[in-house]
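Spelled out, the chains give:
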Amino acid sequence: MRYMKQFGIILGVTCIGEVLKYFIPLPVPGSIYGLVLMLVLLMTGILKAEQVKDVGEFLIEIMPLMFIPAGVGLMTSWKLLQDFLVPLVAITVISTFVVMIVTGKVTDFLLERKGDKNKNG
């Protein structure tokens, strides 16, 4: 029953994100609104991490299964992708490195900022 409650909380926040997509006129997917809402709820303490931890860990464990439909879609669309495979691979590699670099820099910045707070506080 605990898992059902935790899954219900995650599903509810996701559904609220989908509803927000229709009321906020920005080109942002509803899933992103849901993630931001979940972050806000967790950071403000309205929702405790323990209230969704078990199901969250389960969803992370089965995440590779979620990529199977996308992989099958790529296999069925292979003939369409062959025409622009080189630009697609280049864009994928470049964007991967950009995301890795930006993530690293943001992490460094946040760790330095946290270290400064610990020294001053």
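Basis of the calculations
Residues numbered from 1 in each chain as written. Predicted model: local features only at pLDDT ≥ 70, side-chain atom pairs only at ≥ 80, totals over all residues. Heavy atoms only, no water. Salt bridge = Lys/Arg side-chain N within 4 Å of Asp/Glu carboxyl O. Helix = DSSP H or I, 4+ residues; strand = E, 2+ residues; numbered from the N terminus. Buried < 20%, exposed > 50% of the residue type's maximum accessible area, 1.4 Å probe, protein only. Core = buried A, V, L, I, M, F, W, Y, C linked by side-chain atoms within 4.5 Å. Contact = heavy atoms within 4.5 Å.

## Here we look at the pattern of salt bridges
Here is step 1: In the structure shown here, the tally under the stated rule is three salt bridges.
Here is step 2: A salt bridge links Glu57 to Lys53, with the shortest nitrogen-to-oxygen separation between them at 3.8 Å. Here Lys53 and Glu57 lie together in helix α3 (residues 53–61), a separation of four residues that amounts to about one turn.
Here is step 3: What makes Lys53 partly exposed here is its relative accessible area of 46%.

## Quick look at the nonpolar core
Here is step 1: Within the largest apolar cluster, seven residues are counted, these being Ile10, Val13, Met38, Leu41, Leu47, Val52 and Val55.
Here is step 2: Looking at this core, the elements that each hand over two or more residues are α1 (2–23) and α2 (30–44).
Here is step 3: Excluding residues within four positions of it along the chain, Val52 makes contact with Gln6, Ile9, Ile10 and Leu47.

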